[in-house]
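In case you want the letters, here they are:
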Amino acid sequence: QTCALPISMLATTAFAQPALLACEVAAYRTLASAGLRPIAAAGHSLGEFSALVAAESLTLTDAARIVAVRGEAMQVASDARPGGMTALLGVGPLDAGELCDVARGDDVLIVANENSPQQVVASGSLDALGRLEAICSERRIRAVRLNVAGAFHSPLMEPAIAALRAAIAGAEISAPTFPVASNVTGALVRDPDEIRDLLGRHVVSPVRWVACVEALVGLGVDTLVEAGPGDVLTKLA
């Protein structure tokens, strides 16, 4: 079945998330059909659901249903509690945390994506992000506002938690055929109950991507293959 949608709809997280899941799972299955046999996996933010599908912990049907609910709930939360995200280049998580402490004031502002030792993403209220960007300008730190619908992976996403947990509760989660690194903890997970709990906290917890990559390396991984619509994670790794 096919349907026609304006391309602008993909700018909303409610549509973008299922589209990304489909793209990532299709890419992985293409690689698997060519003989790729991973010993572990990691996915950045939404990509963790794709990684769990690859590891047969979630069925594609359940993942698609959860991600659809997740996208809609995050869009509703973004409309109710407006915010945004700003990438900081040339600084690591510790320095970025100190910058957020200075800029936060009475608003919400946290390090939401620990992408690399030289790149992080801050997430929070629009006023706080404006102050952060002004401080970065004064200190000659490059700050780039991201084109996203809201303050993802921050407390401003709390209105999305109930709907997400309800969707996860209706899914069967199995032990993965290979370990998957959790964004919430940065550690490899294998236990279905732990996976269920971590997914329920996913949207309000920072993405600890540096720790995820380190967990893969600690397992003995020396080759990473990116399955998805780009090469962002390859560059970060």
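Now for a quick tour of the structure. For clarity, every value in this text was computed on a predicted model and none was experimentally measured.

**Structural notes on the overall build of the protein**
When helices and strands are tallied, the protein shows 9 helices and 7 strands. Since a compact globule built from 237 residues should have a radius of gyration of about 18 Å, the 18 Å found for the protein is in line with a globular shape. When the backbone C-alpha atoms are referred to their principal axes, the protein occupies close to 50 × 40 × 35 Å. Considering only residue pairs separated by 6 or more positions, the protein has 74% of its internal contacts joining residues 24 or more positions apart. Here the protein has roughly 11,400 Å² of accessible surface; of this, 55% comes from carbon and sulfur atoms. Of note, the protein has its 17 positive side-chain charges centred 2 Å away from the centre of its 25 negative side-chain charges.

**Considerations on the side chain of Asn183**
Of note, Asn183 is situated in the loop between β6 (180-181) and β7 (188-189). Looking at Asn183, its side chain comes within polar contact range of the main-chain oxygen of Gly43, at 2.8 Å. Of the polar contacts made by the side chain of Asn183, one reaches the side chain of His202; its length is 3.3 Å. Apart from the residues lying within four places of it in its own chain, the contact partners of Asn183 are Gly43, His44, Ser45, Glu48, His202, Pro206, Val207, Arg208, Trp209 and Cys212.

**Here we look at unusual backbone geometry**
Positive phi, normally seen in glycine, also occurs at Ser45, with a value near 60 degrees. Locating Ser45 in the fold gives a position in the loop between β1 (41-42) and α2 (47-54). Here Ser45 falls in the buried class, since its relative accessible area comes to 15%. Positive phi, close to 60 degrees, is recorded for Glu56, a residue that is not glycine. Within the element layout of this structure, Glu56 appears in the loop between α2 and α3 (60-80). Relative accessible area serves as the criterion here: at 55%, Glu56 is assigned to the exposed category.

What counts, and where the lines are drawn
Residues numbered from 1 in each chain as written. Predicted model: local features only at pLDDT ≥ 70, side-chain atom pairs only at ≥ 80, totals over all residues. Heavy atoms only, no water. Helix = DSSP H or I, 4+ residues; strand = E, 2+ residues; numbered from the N terminus. Rg over C-alpha atoms; globule rule 2.2 N^0.38 Å. Contact = heavy atoms within 4.5 Å. Areas by Shrake-Rupley, 256 points an atom, 1.4 Å probe, with all protein chains shown as cover. Lys, Arg positive; Asp, Glu negative; His and termini not counted. Charge placed at Lys NZ, Arg CZ, Asp CG, Glu CD. Polar contact = N/O pair within 3.5 Å; in protein donor to acceptor, adjacent residues only side chain to side chain. Buried < 20%, exposed > 50% of the residue type's maximum accessible area, 1.4 Å probe, protein only.

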